[in-house]
Amino acid sequence: MEERALSCLLRSRPTMEQDIKASYLMDHMVSDGVLTQDEEDGVLSKVCHQKGAGRCPADLLLRKDNRAYVSFYNALIREGYGTWPASLVLGIFACNTVCEVGALIPVQVKLSEGGVPQRPTVFVNRPTLLTQVREKLRRLQNAVGWVTVFGMAGSGKSVLAAEAVRDHALITECFPDGVHWLSVGQCERAELLVRMQSLCFRLEQGQSLEASLRPPGSVEEARERLRFLMLRRFPRCLLILDDIWDINSLRAFDIQCRVLLTTRHRDLTDSVSGLRYSVPVESGLDEEKALEILSLYVNAKPQNLPEQARRIVEECKGSPLVVSLIGALLRDFPDRWGYYLRQLQKKQFQRIRKSSSYDYEALDQAMDASLQVLDDEHRELYKDLSVLEKDVKVPAKVLSVLWSLELEEVEDVLQEFVNKSLLFRDCNRRPYLYYLHDLQLDFLTEQNRAQLPVSLHGKVVCQYQRAYTEGPPTSGDEEDLYWYRFLPCHMARAGLSKELCSLMFSLDWVKNKAQLMGSAHLINDYVEYSAILDRENSEVRLQFQEFLSLNGPQLEQKPLPDVVQLALSQPCCSEVYRQALLQAQRSASRGQLYLDWVNKSSLESLSRLVVHPQQSSVYHTCFSRDGSKIASCGASSTLRVFKSTSGERLQEIQAHDDEILCCAFSPDDRHIATCSSDRKIKIWNVERGTLIRMFKEEYEEQVNHCQFTNHQRRILLATCSNDKILWNMNKPTSQNTLFGHMEPVNHCCFSPDDAYLATSSNDGSVKLFEVASANEWKTIQVAQYFPESDEETSITVKCSTWSADGARIICAARNTAFIRTSRLSTVQYCQACPTSQLLALALSHYTVEVRGPLAPTHSFSPAYSLTRSYERGVLYNLWETERVHTSSAVALKRDFDVLFHQGNVTVVAADSKNRLETPSGNILATLHGHTKTVHHCLFTDNGQTLITSSEDATLRVWKWMTGECRVLEGHQEPVRKFHLLGGSSSSPMLLSWSFDGTVKVWDLSSGEKLHDLKCHEAAILSGDVTPGEHLFSTGSADNSAKVWSCTSWKMEFCLSGHKACVRSCRFSWDDRRLATGDDNGEIRLWSMLDGALLKTCAQNTKDCMDSFHGGWVTDLHFSPDNKVLVSTGGYIKWWSVQRGEALQTFRTTGANLKRIHASPDFKTFVTIDNMGILYILKQVEGRL
């Protein structure tokens, strides 16, 4: 052995003997022919006798030549031994073989760093295929694109891909930035995210600690991170995606880089951008190559193999997988050629799946022959693997639980299975993950079909319960993910219905699984196992499913919100609420804060599912005709398709260059049409997400609406803009153009029998056209039903819909849809149910009316009796219509007051129809004087005087019983609020602030202006006075707050640091602190001793509203002991004043909370959201 190689071995020998297991390496070295079987047995016996000594075959290597050193180095790489190959690479260069492979060694190191698997122990070159792949890869030298290697499972695609990049010239010329391998497989979205996170981590290893980033929290974020890394750090690298199954997984890597992928589906890359090339891999090897594999396994020349070898290849049709299985068996029993041939010829095993494209007959024979060489104990263990799901990789820890064996014993058993090609190991991740090939799993399932349901799946459940007696695992590693994903499946298949209900009707299980996997997995579980769960308790199953459906967007957030607090908003009769209350009471006894929504019973939620489809405004949603899917589009120019049962995302398409205004499913649900502000109309394949047709641009303006015919006998698509156009899907140009309207057309819809098309226009009319002739049939002048309109105010017909029998047409204009709605609200959209006499109306003040018997942003699903709603926001809801007759469409306004008295709560608030309930209902006085909106009013302590401020820049002091009024003038801009100083004294003063940036002090008795302070250059948005009335504060649109003296009227402190308008401020009860909140959602606590910043209250990351608080911080209140601060924004948060940390968050149904009222004991809180929903929250009391 070369001296430098010998020196590397001697220097590393002590550490290698501690860290390296000989058995995992010597199989490779025996296969390379550098060790004999006797030498391997000698090293292994030394390990057994000396218990740790000689774990690495270093002594043996020192007596070998350079070829043994190279084989040992390659074995370390194959087994993934971290940095060991790098420490021995200098010795590699010194070996005599450097003249042959020296130029390749740096490339091999680069490939190993990129996770490219090593060449298999038995490898046969396939030069024709390799040349094709490398030739296609060279075409990506100067352009991004895709090379697809496709073929059936077991055909050697992955080996071919890995071998193709073992070319020094190819790597240095075309991909000098490296090669990165990622095994994808058939995975859910959450698993895909984990794989993308691992790739991001690998690519970011070279960055400094300061530049390191948190793992991406979504597939979209991971894709953008990878796009940045590929463009900025690795512009000329190759990404290899192994075993891609579907378009959704592939699109996640459409990041403008060079990609080599292996797959079973040839047309996967049809929907991605860039150059595309493909290389087919034949399903079977030719006889020469198959015989070469067998000869390498038995260490003989092909021409010296017995005749049975040729016949084995013929029987298995040259399947690479089967040939490898038989070869591995023959390596251990080289005299069994005849025996294995007879096993194949008998064909005594039932074909697994007759319609499959796999060569099942050959696999069956090879699988059974492989199992015969296992001892009885290991054969029983292998049989247990039939409980695994396809394309699922499991860590050894899971099998350790299943088999009740020590982890090391399990790893030894699995190593034997891997060596005999009965199991595969993913060495790119630690801990190693193990998986069965689909065909192997199908074979096991068929062999153990009688035992699977009760015996084998029951064993999994029993072993889990024994291992986790204290509750489900919470560490979050691969083992935990397996149990959370598949334990319900094992219980269901074992027929353990009571155990399944106990698991899935547990809030702890929901909380832990949501933490690891999000809500979509959980909802799918309740849908998939609903038949079993309903036999035990259908009501509880619905309660848990509804809880997850309504809180899906929150449960996808990181960090995960407090699930117990979310559950406390469920109805009091719900099992979810019952469990949450018990947990909250136990936690409250330990000092944790929880709030119970005590008046929620007055608001019955009819929502069935809440989905967060877009980061920007949602413009349209629609059901598929079978009700199983929902499509959503909006300002983001992205079309998304979801399951209607769980909200799981099925498809995501970057459909247009501008916002998408409408989308519609075809009658057979195979296609979906989109129309956009970019004047284009496109039709997409729903399943694959590929573009089927883009119609030529015949519009000069944006396309407002699109709809397919209702029946499949003749599929037409109607679209509208300035004109109405009918399209035939099989023609690139329009079939007919319908003329008649004088203004743009907003909406179009076919009659139930597709004979007529109704169009709604800005010209105030609805026109009915005959579809067959394209002639106008009737015109309805909707504008004539609004005689109060003048010529300057046009009547716009927003939409129309047909009744189920086609006898009536309903249209929406202003506040009318045949039935008058509140004059304070506008009908945004209407639609009739196609199977009933219900009509849904979407109104401008965030409400939906469902009326009978006559239809907004809403349509009905015939299969699910649901209606969908959306607004210019980012959420849409699914509503249950079977329980809906009418909705009052009345909501409370956010300007309200609360009286707390002896434990009772009285709320005074006007509703959306400007109605206000009072004990007597009598009007005591009406005060006229202000010329614009009145923003604030306040009674003095004696109740005789009322003070008001207005948009008209004045304040008025009223003797309300007599109507006497004093006007306080001086502000130049609206006066939103004021404060009464010394209200109980004989000479009270009034402190007012305005958008003009000034604060004015008034003598309340005389109306004289005492002080005029120019406090800010920008508008003053908030103000407060200390309880002791010696300081007052102002918050401004100039991003600052200031503190002023109430005696000298001079500024004490200028508080700078906010990055947005200071929208709210509040002093603590002891006058020692001031809290300020801004439009970024950030809250700051300041010392009133020296004006220093004490704490910043904000969560770590911004939310979907690009805020730390779901929006502006609009109100703040300290607790009487000054230890807790409550704030409102998009939701309500409670903070520890001492630590600046959030104690609890309550998420309201609506958003944009304006203010909150707290009881004197700080245990009851009242607010109203922008949907007009009232919340009375009481602190949960502790219970031991």
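Residues numbered from 1 in each chain as written. Predicted model: local features only at pLDDT ≥ 70, side-chain atom pairs only at ≥ 80, totals over all residues. Heavy atoms only, no water.

1. As for the overall build of the protein chain
As a reminder of what qualifies: Numbered from the N terminus, helices here are DSSP runs of H or I no shorter than four residues, and strands are runs of E no shorter than two. Three labels apply to residues, based on accessible area from a 1.4 Å probe with only protein chains included: buried if under 20% of the type maximum, exposed if over 50%, partly exposed otherwise in between. A 1.4 Å probe and the Shrake-Rupley method give the accessible areas. Residues count as covered only by the protein chains that appear here.
The number of helices and strands found in the protein chain is 32 helices and 61 strands. Within the protein chain, the proportion of its 1184 residues that are buried is 54%. Put simply, the protein chain shows about 51,400 Å² of open surface, and 48% of that area lies on carbon and sulfur atoms.

2. Let's talk about the UniProt feature "repeat: WD" (unreviewed entry) in the protein chain
What counts here: UniProt positions are given in the numbering used here, feature names are shortened, and annotations may be inferred rather than shown by experiment.
Taken from the UniProt record, the annotation "repeat: WD" (unreviewed entry) applies to residues 653-694, 738-779, 927-959, 968-1012, 1013-1045 and 1055-1096. Overall, residues 927-959 shows 0% helix and 52% strand. The separation of its end C-alpha atoms is 10 Å. End C-alpha atoms of residues 1013-1045 are separated by 11 Å, and the span's content is 0% helix alongside 58% strand.

3. Brief notes about the sheet that holds strand β51 (residues 1062-1067)
The test is simple: Think of it this way: DSSP has to see at least two bridges between two strands before they count as a pair. Angles run from 0 to 180 degrees between N-to-C directions of axes, and those axes are lines fitted to C-alpha atoms, restricted for helices to the stretch in contact.
On the basis of which strands lie adjacent, the open sheet formed by four strands has the order β51-β52-β53-β54 and antiparallel pairing. The sheet is open, and its two edges are formed by β51 and β54 (1093-1097), each paired on a single side. Across the sheet, the mean angle from the axis of one strand to that of its neighbour is 20°, orientation sign disregarded. Bridging between strand β53 (residues 1083-1087) and β54 involves four bridges; their strand directions are antiparallel. In the sheet register, Ile1083 faces β54, and the bridge partner there is Cys1097.

4. Topic: the environment of Lys1095
Which entries qualify depends on this criterion: The contact criterion used is simple: two residues touch if any of their non-hydrogen atoms lie within 4.5 Å.
With respect to the secondary-structure elements, Lys1095 resides in strand β54. Judged by its relative accessible area of 33%, Lys1095 is partly exposed. A C-alpha to C-alpha distance of 5.1 Å links Lys1095 and Leu1085, two positions 10 residues apart in sequence. Apart from residues lying up to four places away in sequence, Lys1095 is in contact with Ile1083, Arg1084, Leu1085, Val1137, Gln1138, Arg1139 and Gly1140.

5. Here we look at a negative patch on the surface
Selection criterion: Like charges within 9 Å and nonpolar side chains (Val, Leu, Ile, Met, Phe, Trp, Tyr) within 5 Å are joined into patches, using only residues over 30% in relative accessible area that form no salt bridge. When a carboxyl oxygen of Asp or Glu is within 4 Å of a side-chain nitrogen of Lys or Arg, the pair counts as a salt bridge. Positive charges come from Lys and Arg, negative ones from Asp and Glu, while His and the chain ends are left out of the count. The atom standing in for a charge is NZ when the residue is Lys, CZ when it is Arg, CG when it is Asp and CD when it is Glu.
A surface patch of like charges, here negative, comprises Asp375, Glu377, Glu406, Glu408, Glu409 and Asp412. Ranked by residue count, the leading element in the negative patch is helix α22 (residues 407-419), at three residues. The residue Glu377 is located in helix α20 (residues 376-384) in this model. On the basis of relative accessible area, Glu377 is assigned to the exposed category, the value being 54%.

6. Points about the sheet that holds strand β41 (residues 955-959)
Either a parallel or an antiparallel arrangement is found when strands of a sheet pair, and the pairing is made through backbone hydrogen bonds. Strand order in this open sheet of four strands is β39-β40-β41-β42, and the pairing throughout is antiparallel. Two strands in the sheet have a free side with no partner beyond their single neighbour: β39 (934-939) and β42 (964-968). Pairwise comparison of adjacent strand axes, ignoring direction, gives a mean angle of 20° for this sheet. As defined by bridge partners, β39 adjoins strand β40 (residues 945-950) across five bridges and the pair is classed as antiparallel. Each bridged residue has a counterpart across the sheet, and for His936 the counterpart in β40 is Ser949.

7. Notes on the nonpolar core
Generally speaking, soluble globular proteins have nonpolar side chains that are buried together. Basically, it comes down to this: Nonpolar core, defined: a set of buried Ala, Val, Leu, Ile, Met, Phe, Trp, Tyr and Cys residues in which side-chain atoms within 4.5 Å join the residues together.
Among the nonpolar cores identified, the biggest contains 75 residues, and Tyr382, Leu385, Trp403, Leu414, Phe417, Trp483 and Phe547 are the most heavily contacted of them. In this structure, Trp483 is in contact with Val398, Val401, Val460, Tyr464, Tyr468, Pro473, Pro488 and Trp509, ignoring residues within four places of it in sequence. Residues Trp146, Leu192, Cys200 and Leu226 belong to the second largest nonpolar core, which totals 30 residues.

8. What about the packing of helix α27 (residues 507-517) against helix α28 (residues 519-528)?
Basically, it comes down to this: The labels follow the angle: roughly parallel below 35 degrees, roughly antiparallel above 145, roughly perpendicular from 65 to 115, and oblique for the rest.
The geometry of α27 relative to α28 is characterised by a closest axis approach of 7 Å and an angle of 130° between their N-to-C directions. Taken together, the axes of α27 and α28 lie oblique to each other. Note on element contacts: α28 touches α27 through Ser519, His521, Leu522, Asp525 and Tyr526, opposite Trp509, Val510, Lys513, Ala514 and Met517.

9. A short note on the side chain of Ser1136
Turning to its location among the elements, Ser1136 is positioned in strand β57 (residues 1132-1136). On the accessibility criterion, Ser1136 (6% relative accessible area) is buried. When residues no more than four places from it in sequence are discounted, the contact partners of Ser1136 are Lys1123, Glu1141 and Leu1143.

10. Thoughts on the packing of aromatic side chains
Quick reminder of the rule: Only the six-membered ring of Trp is used, alongside the rings of Phe and Tyr, when aromatic pairs are assigned; centres must lie within 6.5 Å, and planes under 30 degrees apart are stacked while those over 60 apart are edge-to-face, with the rest tilted. Distance and angle both matter: a charge sits over a ring if NZ of Lys or CZ of Arg is within 6 Å of the ring centre and within 35 degrees of the ring normal.
Counting across every chain of the model gives 18 aromatic pairs. On the basis of an interplanar angle of 80° and a centroid distance of 5.3 Å, the ring pair of Trp1134 and Phe1165 is categorised as edge-to-face. In this pair, Trp1134 sits in strand β57 while Phe1165 sits in strand β60 (residues 1164-1168), placing the two residues 31 residues apart along the sequence. Neither Trp1134 nor Phe1165 differs from the other in exposure class; each is buried. Members of the aromatic cluster, connected to one another through ring pairs, are Tyr464, Tyr468, Tyr482, Trp483 and Phe486. The cationic tip of Arg336 hangs over the ring face of Phe333; the distance from NZ or CZ to the ring centre is 3.9 Å. Directly above the ring of Trp1135 sits Lys1133, whose terminal nitrogen or CZ lies 5.4 Å from the centroid.

11. With respect to the packing of helix α9 (residues 127-138) against helix α10 (residues 157-164)
Rules: We call a crossing left-handed when the near helix sits turned anticlockwise from the far one by less than a right angle, and right-handed when that turn is clockwise.
At a minimum axis distance of 9 Å, the contact between α9 and α10 shows a crossing angle of 60°. Judged by the inter-axis angle, α9 sits oblique to α10. Note that α9 runs across α10; the crossing there is right-handed. Two secondary-structure elements touch here, α9 through Leu129, Leu130, Val133, Arg134 and Leu137 and α10 through Leu160, Glu163 and Ala164.

12. Digging into the environment of Asp753
Note the threshold: Counting of polar contacts relies on pairs of N or O atoms within 3.5 Å, with two restrictions inside protein: one atom must be capable of donating a hydrogen and the other of accepting it, and residues adjacent in sequence are counted only when both atoms are side-chain atoms.
Looking at where Asp753 falls in the secondary structure, it is placed in the loop between β23 (745-750) and β24 (756-761). Along the primary structure Asp753 and Thr709 are separated by 44 residues, whereas in three dimensions their C-alpha atoms are 8.6 Å apart. There is a polar contact of 2.7 Å between the side chain of Asp753 and the side chain of Ser751. Separated by 3.1 Å, the side chain of Asp753 and the backbone nitrogen of Ala755 make a polar contact.

13. Overview of the pattern of salt bridges
As enumerated under the stated definition, the model contains 41 salt bridges in all. Close ionic contact of Lys511 with Asp508 constitutes a salt bridge, the shortest N to O distance being 3.7 Å. Note that Lys511 and Asp508 are positioned in helix α27 at a spacing of three residues, about one turn of the helix. Residue Lys600 pairs with Asp596 through a salt bridge whose shortest N-O separation is 3.2 Å. Looking at Lys600, the relative accessible area reads 6%, which means it is buried.

14. Focus on the state of the cysteines
Put simply, the rule is: Criterion for a disulfide: a pair of cysteine sulfur atoms at a distance within 2.5 Å.
Per the counting criterion, the structure on display carries zero disulfides. Unpaired in terms of disulfides, Cys572 finds its nearest cysteine sulfur in Cys573, a separation of 7.5 Å. With no disulfide partner, Cys706 has as its closest neighbouring cysteine sulfur the one in Cys675, 3.9 Å distant.

15. A short note on unusual backbone geometry
Positive phi outside glycine occurs at Arg679, with the angle close to 70°. Secondary-structure assignment places Arg679 in the loop between β16 (671-676) and β17 (681-685). Backbone geometry places Glu1029, a non-glycine residue, at a positive phi of 60°. With respect to the secondary-structure elements, Glu1029 resides in the loop between β47 (1020-1025) and β48 (1031-1036). A relative accessible area of 31% means that Glu1029 is categorised as partly exposed.

16. Points about helix α25 (residues 478-493)
Threshold: To estimate the expected span of a helix, subtract one from its residue number and multiply by 1.5 Å. One axis fitted to the seven residues ending at a residue, another fitted to the seven starting there: the angle between these axes is the bend at that residue.
Taking 1.5 Å of rise per residue, the 16 residues of α25 would be expected to cover 22 Å, and the 22 Å separating its terminal C-alpha atoms lies within 8% of that figure. Maximal helix bending in α25 amounts to about 45°, located at Phe486; proline Pro488 follows within four positions. Judged by how many residues are buried, α25 sits mostly within the fold: 13 of 16 residues are covered. The N-terminus of α25 is capped by Asp477, whose side-chain oxygen sits 3.2 Å from the backbone nitrogen of Glu479. Downstream of α25 by one or two residues, Gly495 has phi in the positive range, about 75°.

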